[in-house]
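# Architecture at a glance
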Amino acid sequence: MKSKKSWEVIILSWLKSAAGALVKKAAMLGLSNVFFAPFLPYNDLPYLFAAADLLLVPVDANKAELSVPSKLYNCMAAGRPILCLAPNNSEIYKFVEETDSGLSVEPADIGKIRDVILELKGSPERCRILAAHGRDHVLKNFSREKILNEYEEVLKAEEVRND
């Protein structure tokens with residue numbers, strides 16, 4: 001993908017050691033389209049997410065079986081397609097596939113990761129559909145109004161039970 005000059009990759013990192021290793025690797029490979037930025041304040045992330053064409057959600061294999069990182073919901077809410085890198089037996093892998101909000105790939109399958117990126121790069125309409133599915137799912141299931149209404153119902157049920 002080095003030859004795709006029109007592509008830009010922005011990598012945010014809050015771990016200086018990881019960023020340093022990635023900067024060296026990108027320089028060694030001559031990747032002039034890869035840029036590194038420090039981790040942004042939480043309030044600035046929606047702007048970054050909204051500006052992206054594709055959002056990467058990598059998950060540590062040791063933590064993937066039982067957890068879904070909260071950043072996934074923020075990425076979905078931004079209305080951008082997701083590329084999830086996680087073991088295929090993990091909850092997040094299945095969730096991204098079931099919500100049709102992006103594509104999931106095993107992290108070690110570099111060829112498949114490349115193929116998925118190229119596929120999405122060549123299909124803006126598919127990206128738009130995946131992005132819309134993700135945003136719709138978040139709005140229908142995790143909006144503040146929805147959560148507050150459910151919480152209120154739980155409190156009302158508890159009140160009735162205690163009467």
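Look above for the structure.
Below is a short write-up of the structure. (Residues numbered from 1 in each chain as written. Predicted model: local features only at pLDDT ≥ 70, side-chain atom pairs only at ≥ 80, totals over all residues. Heavy atoms only, no water.)

## A few points about the side chain of Ser90
Rule in force here: By definition, any uninterrupted DSSP run of H or I lasting at least four residues is a helix, any uninterrupted run of E lasting at least two residues is a strand, and each is numbered from the N terminus. Here a polar contact is recorded for every N or O atom pair within 3.5 Å, except that within protein the pair must consist of a potential hydrogen donor and a potential acceptor, and residues adjacent in sequence are included only if both atoms are side-chain atoms. Residue contacts follow a heavy-atom distance rule, with two residues in contact if any of their heavy atoms lie within 4.5 Å.
Considering the arrangement of structural elements, one finds Ser90 in the loop between strand E4 (82-85) and helix H4 (91-99). Only 2.7 Å separates the side chain of Ser90 from the backbone oxygen of Pro87, close enough to count as a polar contact. At 3.3 Å, the side chain of Ser90 and the backbone nitrogen of Tyr93 are in polar contact. Apart from residues lying up to four places away in sequence, Ser90 is in contact with Ala64 and Glu65.

## Considering a negative patch on the surface
Worth spelling out the cut-off: Put simply, a patch holds well-exposed residues, over 30% relative accessible area, that have no salt bridge, with like charges counted together within 9 Å and Val, Leu, Ile, Met, Phe, Trp or Tyr side chains within 5 Å. We get accessible surface area from the Shrake-Rupley algorithm with a probe of 1.4 Å; when it comes to residues, only the shown protein chains can shield them. Salt bridge, as used here: a side-chain nitrogen of Lys or Arg that lies within 4 Å of a carboxyl oxygen of Asp or Glu. None of His or the chain ends enter the tally, which takes Lys and Arg as positive and Asp and Glu as negative. Think of each charge as sitting on NZ of Lys, CZ of Arg, CG of Asp or CD of Glu.
A surface patch of negative charge is lined by Glu65, Glu91, Glu97 and Glu98. One can find Glu91 in helix H4.

## Some details on the sheet that holds E4
Going by this rule: Note on pairing: two strands pair once DSSP finds at least 2 bridges between them. Helix axes use the C-alpha atoms of the stretch in contact, all axes being lines fitted to C-alpha atoms, and the angles between their N-to-C directions lie in the range 0 to 180 degrees.
Strand order in the open sheet formed by three strands is E3-E4-E5, and the pairing between neighbours is parallel. Here the strands that pair on one side only, and so sit at the sheet edges, are strand E3 (55-58) and strand E5 (102-105). Taken pair by pair, the neighbouring strands of this sheet meet at an average axis angle of 20 degrees, ignoring direction. Pairing between E4 and E5: four bridges, direction parallel. By the bridge assignment for E5, Ile82 is matched with Gly102.

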